[in-house]
Amino acid sequence: MPLRRWLITLLVLVLVPISAQAFDLDDLQRQLAATPSVAGRFEQQRELADLDSSLTSTGTFVFERGKRVVWELKTPVQERIELTPQAITDGSGETAPPGGEQVAQLFLQLLEGDWQALESRFTLQLSGDQDAWQVALRPKEAALRERIAGITLQGDRTIDHLDMRTPDGDRLKVRLFDQHPLNGA
Amino acid sequence: MTRANYHRLGWLWFAVLTLCTLWLGWMLRQGLPADTDLTALLPADRQAPLVERADRELGRGFENRFLLLLGDDDRVATTQALGKSLQTLVDEGQLAAIDWRELDLADADPHGWMGPWRYRLLTPQWQQTLDDGDGRTLVEPALRRLFSPTARPDPVADPFGLLDVWLSRLPQSPIGAADGLLTLDTGDQPDGRQWSVLIGELKGSPYDLPMQNALHSTLAQFQQQHPEAELLRSGLVFHAAAGARQAKHEMSTIGAASLLGVLLIIAFVFRSPRVLLQLMVPLLAGSLFALTLTLGLFGRLHLLTLAFGASLIGIAIDYVLHLQCDRAIAGRGFRLRRLLPSLVLGLISSVIAYVAQALTPMPGLRQMAAFAAFGLIGAWLTVVLWLPRFTLHASPFTDRLATRWWRLCQPRWQLPPWLALIGAIALVIVCAVRLTSDDSLELLNPSPAALMQDEQRVQQLLDRDTGSRYFLVQAENTQALLARLDALDAELDRAIADGLQIEYQSLAGSVPTMAEQQANLARVGKLYGAPLDDLVQRAGLPAEVARKARAQLGKSPPLTLDDWLGTPLGKLQQRLWLGRTPEGGVAATVVISGARGAAPDKVLRDLAGAQAGVEYVDRVERIGALLGELRRHTAVWVLAAMTLMTLALIGRYRRHAWRVIVPPFGATLIVLASFALAGVPLNIFNQLGLLLVLGIGLDAGIFNVEHARKPSAWLAITLSTLTSLLAFGMLAFSATPALHYLGLTCLIGLASVWMLVPWVRPVDPNRTQRQEIEHE
């Protein structure tokens, strides 16, 4: 039945792009939430505009969704930093300077892909598909724009790249690799 | 005095009042110059202008702003609803601003404007480390900071993060941000939750009625729509609004009831609306006379004077009622001459009491006394000069009523003087044993309990203080002041380490002295030697970074107090700075919050006592002490006036004098004894009520003896106590403590006056004489 076949073809043609396009922030959040705890390694590179040089560090991290991120620097200095929604704690148990908890919160929200929380402060733009997606964030309010020019997140099952730019030209690039889910964490 | 002369005097009085009106109008052309400050009632050498200024500076935040805490399960939506409806008040021009969104309070980054000063600001801990030559130990933490994902490192301007360390030591606001809202997170407390914080700024006075109404209805509407939301309020505006609503409510209940009562009684007794009008004329004339002369004499008027002076003029209603009762009954047979001696005596005895008060060294009492005395004289002159000329027809009903009432109230036996004496002694003993006084401000706090609870919770949750306890620190110049503040802070830190549970805010924590800044710069210079090279090398940065960083040190300007107060962080501390003092020095405050009580108070007081130029001030306690001083002064001078009056009365009445003084003094004793037995403490307000009782009681006593056999006098005494009871005694039902105490005193006192009068009336020599009296 040509008509029927044609109809099915048409439906498939129409539906497939829809389902492809339907990869939205909610889907992404679900996809990320499927791996509640991740451990891996990181390489962090901070480019300082007025110095023509960069600060590079490496280490390992453990990420427990909704709870905390443990950031363990190995080179060039040893340091264990724990970020929770309430505070940043460093190796000596001291809490960070004022405003620190807001930075910690932002960092956690980024790693979790907590779009609802991020949307109150940023406009979000998702592109790509579930195997290679990218989210671009731009601050809504002028006060925040003075500190952050923009943020880009990239990844697949997990977040692989974080790129934060400040208005004065500094740039923080974080690459997360060798990621594996933690069981029973 | 001839009839023509009498008329002439009447016109003269009219001319005087017309002049008063003109003068008053001229003086009021720019509004009433009124004081509200309690200390304005004190002698000039006892006032402390600097303390006043500190009080004003510290109180401003509480007066001009309000704070709401909103707790709800659906916090974001309800906060947005409330925030938006309050925003409409801002748009309508009722409020100056409302902050509730996360970014409403986001100041520009301190790193921006504190930058150049950072090399001169070091925490004590870092000072110690650098003085010990342990600068190298700071390299490791600095490295960690440079590589932390959440830090914002700046290897040239601040490789060691000096500013962050220094900033973290400043008092931190407990208000943070969450869900895009200003948030107070009490999650670490037992039944903690996330509160939304809404901060409003008023445009004008917190007593502005339209603004109060708009704010009140907005909040009421919100609570109606969100009954499950918990809303806590803090700020003077809510207390002021509660007070205004209460006053309005009481005006329409207590006020209306007493006005209606007075109208009904007068209408019933005199059967003529004219009497009512004639009742008002002397009171108005008296008030006009008093207001003009007091203002002319003192230049300013205290609101307390106005309130109590106006009620004391109420005694003048006695003169009106005695005159009118006599006229209504005697008709054409009325002769002023017959009444004049008792009227004159009544006036003199009351005025003596006030003149005695006017001699006190307290300008407040003097003002009040002058106002009351002028008011009484004005009212009295109006009664004597004008009232007899207003038409008033004799009323047979009033006559019959007076006679019947007189017969009804004839006591079966007389109060013998010895019994009166024993009674008085017994009452004095009761008073001496049990009477207490309480001048604390808390006792007079008119705010509803629920609002006070809100206030306490908000202040406790936010660590917010109303600046009611502080150290006042003075010195010759800013540097000396900063040094003194620094020394005081060190003492406070020591006391806190020893267990004193307080916190304090001081300018010295933010602005070190010039000498110390210079020393800090030198310390940082040491840090920027070998430790800096080490840091740069280990971070893998080019060596020129160290050179650039060192170049910054030479460009660091000193941080002056003015600089600091101009920064966004410094603006939060502006209330602590008082600037130039009248003596040519400078002054600042150190505000204390936290534990209250006798023990911490003593520690703080001792701290202040041990240091030069430092004074500890507790506002609540200070105002209580002022009220107490006013109360004690009034008591002493009233006692003196009573003695003087008694002597004068003995001069006229000889052995009958006790009959005159029993109603006023007896009533006073009964009031005091009732307070003693009921445990009601004495304060300035019930003591001012006693003045009213004394005045009316004395008039009653005089007329009772002068016109012992005249039913019209007894009717007038009854009417005057009854109307005063309605006007002032009803205030006992007020929820405003000050009015309640005044009213309670009048209620008990005036009732006692009325009950005592018949028992001390001079005995008729012959019982049959009563018949004659009735047909006199």
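Predicted model, so just to flag it, every value in this text is computed and none were measured.

Parameters and conventions
Residues numbered from 1 in each chain as written. Chains lettered and ligands numbered in written order. Predicted model: local features only at pLDDT ≥ 70, side-chain atom pairs only at ≥ 80, totals over all residues. Heavy atoms only, no water. Contact = heavy atoms within 4.5 Å. Buried area = accessible area lost by both parts, 1.4 Å probe. Salt bridge = Lys/Arg side-chain N within 4 Å of Asp/Glu carboxyl O. Polar contact = N/O pair within 3.5 Å; in protein donor to acceptor, adjacent residues only side chain to side chain. Helix = DSSP H or I, 4+ residues; strand = E, 2+ residues; numbered from the N terminus. Nonpolar A, V, L, I, M, F, W, Y, C, P; charged D, E, K, R; others polar. Axes fitted to C-alpha atoms, helices over the stretch in contact; angles between N-to-C directions. Parallel < 35°, antiparallel > 145°, perpendicular 65-115°, else oblique. Patch = residues over 30% accessible without salt bridge, like charges linked within 9 Å, V, L, I, M, F, W, Y side chains within 5 Å. Areas by Shrake-Rupley, 256 points an atom, 1.4 Å probe, with all protein chains shown as cover. Pairing = 2+ DSSP bridges. Buried < 20%, exposed > 50% of the residue type's maximum accessible area, 1.4 Å probe, protein only. Expected span 1.5 Å × (residues − 1). Arc of directions from axis to C-beta. pLDDT = per-residue confidence, 0-100. Lys, Arg positive; Asp, Glu negative; His and termini not counted. Charge placed at Lys NZ, Arg CZ, Asp CG, Glu CD. Phe/Tyr/Trp six-rings, centres within 6.5 Å; stacked < 30°, edge-to-face > 60°. Lys NZ or Arg CZ within 6 Å of the ring centre and 35° of its normal. Disulfide = S-S within 2.5 Å. Core = buried A, V, L, I, M, F, W, Y, C linked by side-chain atoms within 4.5 Å.

Some words on the interface of chain B and chain A
Contacts between the two partners involve 29 residues from chain B, matched on the other side by 29 residues from chain A. Buried area between chain B and chain A, both sides added, is near 2500 Å², and the carbon and sulfur share of it is 65%. Of all residues in chain B, B:Phe147, B:Pro149 and B:Thr150 bury the most surface against chain A, accounting for 28% of the area lost on that side. Here chain B is connected to chain A by 1 salt bridge. The closest approach of N and O atoms between B:Arg144 and A:Glu79, which form a salt bridge, is 3.3 Å. Counting across the chain B and chain A interface gives 4 residue pairs in polar contact (both at pLDDT 80 or more). The element that contributes the greatest number of residues to the side of chain B that touches chain A is helix H6 (residues 139–147) of chain B, accounting for 5 residues. Among the residues making up the side of chain B that touches chain A, the classes are represented as 15 nonpolar, 4 polar and 10 charged.

What about the packing of helix H9 (residues 236–270) of chain B against helix H18 (residues 449–462) of chain B?
All names here are of chain B. The interhelical angle for the contact between H9 and H18, taken along N-to-C directions, is 180°, at an axis separation of 11 Å. Classified by the angle between their axes, H9 and H18 sit roughly antiparallel to one another. In this structure, H9 contributes Phe238, His239 and Ala242 to the contact, and H18 contributes Leu451, Met452 and Glu455.

Structural notes on a nonpolar patch on the surface
On the surface, B:Trp413, B:Trp418, B:Leu419 and B:Ile422 cluster together into a nonpolar patch covering about 450 Å² of accessible area. Tracing the chain through its elements places B:Ile422 in helix H16 (residues 417–434).

Here we look at the pairing of strand E4 (residues 175–178) of chain B
For E4(B) and strand E5 (residues 181–185) of chain B, the ladder comprises 4 bridges, and the chain directions are antiparallel. Within E5(B), the position partnered with B:Ile175 by the bridge is B:Leu184.

Here's the deal with the pattern of salt bridges
For side chains bearing opposite charge, pairing can occur when the charged atoms are close. For the coordinates displayed, the defined rule picks out 30 salt bridges over all chains. Its salt-bridge partner being B:Asp534, residue B:Arg136 comes within 3.5 Å of it at the nearest N-O pair. Of this pair, B:Arg136 sits in the loop between helix H5 (124–131) and H6 while B:Asp534 is found in helix H21 (residues 530–538), placing the two residues 398 residues apart along the sequence. Using a relative accessible area of 18% as the deciding quantity, one classes B:Asp534 as buried. Counted as one network, the salt bridges with shared partners bring together A:Glu64, A:Lys67, A:Arg68, A:Arg80 and A:Glu82.

As for helix H25 (residues 598–610) of chain B
Residues three or four positions apart in an α-helix share a direction because the helix packs 3.6 residues into each turn. All names here are of chain B. Over its 13 residues, H25 runs 18 Å from end to end, which matches the ideal 18 Å to within 8%, given 1.5 Å per residue. Looking only at H25, the buried set comprises Pro600, Asp601, Leu604, Leu607 and Ala608. An end-on view of H25 places all buried positions within 125° of arc, on one side of the element. Relative to its buried face, H25 has exposed residues pointing more than 90 degrees away, namely Ala598, Ala599, Lys602, Gly609 and Ala610. On the buried face of H25, the contacting elements are strand E9 (469–475), helix H19 (478–497), strand E10 (502–505), strand E12 (586–594), strand E13 (614–618) and helix H26 (619–653).

Comments concerning the confidence of the model for chain A
This prediction gives chain A a mean pLDDT of 79; 77% of its residues lie at or above 70. This model gives residues 13–20 of chain A a pLDDT under 50, and the stretch forms 2 contacts once residues within four places in sequence are excluded.

Quick word on the confidence of the model for chain B
Residue and element names in this part refer to chain B. When pLDDT is averaged across chain B, the result is 85; 94% of the residues are at 70 or more. Looking across chain B, the model is least confident in helix H31 (residues 769–774), with a mean pLDDT of 41, and most confident in helix H27 (residues 657–678), with 93. This model gives residues 765–776 a pLDDT under 50, and the stretch forms 10 contacts once residues within four places in sequence are excluded.

Some points on helix H3 (residues 75–91) of chain B
Residues and elements named next belong to chain B. Here H3 contains 17 residues, and its C-alpha end-to-end distance of 24 Å stays within 8% of the 24 Å for a straight helix at 1.5 Å per residue. Among the residues of H3, Arg75, Thr78, Thr79, Leu82, Gly83, Leu86, Leu89 and Val90 are the ones counted as buried. Considered in projection along H3, the buried side chains sweep an arc of 130° and stay on one side of the axis. Projecting away from the buried face of H3 at angles above 90 degrees are the exposed residues Lys84 and Asp91. At the C-terminal side of H3, Gly93 shows a positive phi close to 85°.

Considerations on a negative patch on the surface
A cluster of acidic side chains, namely A:Asp50, A:Asp52, A:Asp168 and B:Asp154, defines a negative patch on the protein surface. Here A:Asp52 is to be found in the loop between strand E1 (37–48) and strand E2 (53–64).

With respect to the packing of aromatic side chains
Going through the model one piece at a time under the given rule, you end up with 16 aromatic pairs over all chains. Look at B:Phe66 and B:Phe238: their rings are 5.4 Å apart centre to centre, the planes differ by 75°, and that puts the pair in the edge-to-face class. Linking B:Phe66 in strand E2 (residues 65–71) with B:Phe238 in helix H9, this pair joins segments that are 172 residues apart in sequence. The exposure classification of B:Phe66 matches that of B:Phe238, with both residues buried. Among the aromatic residues, those joined into a ring-pair cluster are A:Phe42, A:Phe61, A:Trp71 and A:Phe107. Geometry around B:Trp195 places B:Arg193 over its ring, the cationic atom sitting 5.3 Å from the centre. Stacked on the ring of B:Phe238, the Lys or Arg B:Arg233 has its end atom at 5.8 Å from the ring centre.

Side note on the environment of B:Gln224
Residue and element names in this part refer to chain B. In this fold, Gln224 is placed in helix H8 (residues 209–225). Judged by relative accessible area, Gln224 falls into the exposed class, the value being 66%. Along the sequence, Gln224 and Leu750 sit 526 residues apart, while their C-alpha atoms lie 45 Å from each other.

Thoughts on the side chain of B:Thr129
Residue and element names in this part refer to chain B. Inspection of the secondary structure puts Thr129 in helix H5. Judged by relative accessible area, Thr129 falls into the buried class, the value being 18%. Setting aside anything within four residues of it in sequence, one finds Thr129 in contact with Asp134, Gly135, Thr137 and Leu138.

Re unusual backbone geometry
A cis geometry characterises the amide bond from A:Thr75 onward to A:Pro76, with omega recorded as -5°. Within the element layout of this structure, A:Pro76 appears in the loop between strand E3 (68–75) and strand E4 (79–83). Its identity as a non-glycine residue notwithstanding, B:Arg654 has a phi of 55°, on the positive side. As for its position among the elements, B:Arg654 is in the loop between H26 and H27.

Thoughts on the environment of B:Gly59
Structurally, B:Gly59 is set in helix H2 (residues 49–64). Note: C-alpha distance between B:Gly59 and B:Ser468 (409 residues apart in sequence) is 7.9 Å.

With respect to the pairing of strand E11 (residues 577–580) of chain B
All names here are of chain B. Of the strand pairs in this sheet, E11 and E12 are connected by 3 bridges, and their pairing is antiparallel. By the bridge assignment, Trp577 is partnered in E12 with Ala588. Two successive antiparallel strands, E11 and E12, enclose a turn made up of 5 residues, where Gly584 displays a positive phi of approximately 100°.

Here we look at the state of the cysteines
A covalent bond between the sulfur atoms of two cysteines is what we call a disulfide. Taken as a whole, this structure holds 0 disulfides over all chains when the rule is applied. With no disulfide of its own, B:Cys409 has B:Cys325 as its nearest cysteine by sulfur position, at a separation of 13 Å.

Describing the side chain of B:Arg233
Residues and elements named next belong to chain B. Examined against the element boundaries, Arg233 turns out to sit in strand E7 (residues 230–234). One buried charged side chain, Arg233, makes no salt bridge at all; its nearest oppositely charged neighbour is Asp454, positioned 4.5 Å away. Only 2.9 Å separates the side chain of Arg233 from the side chain of Gln223, close enough to count as a polar contact. The contact partners of Arg233, leaving out residues within four places of it in the chain, are Leu67, Leu68, Leu219, Gln223, Phe238, Leu451, Asp454, Glu455 and Val458.

Details of the nonpolar core
With 113 residues, the main nonpolar core has B:Phe270, B:Leu343 and B:Tyr354 as its most contacted residues. Sorting elements by how many residues they give to this core places helix H28 (residues 684–706) of chain B first, with 14 residues. With sequence-adjacent residues up to four places away left out, B:Leu343 is seen in contact with B:Tyr319, B:Leu323, B:Leu336, B:Trp380, B:Val384 and B:Phe703. Core analysis: the next-biggest nonpolar cluster, separate from the first, contains 66 residues, A:Phe122, A:Val135, A:Val174 and B:Ala142 among them.

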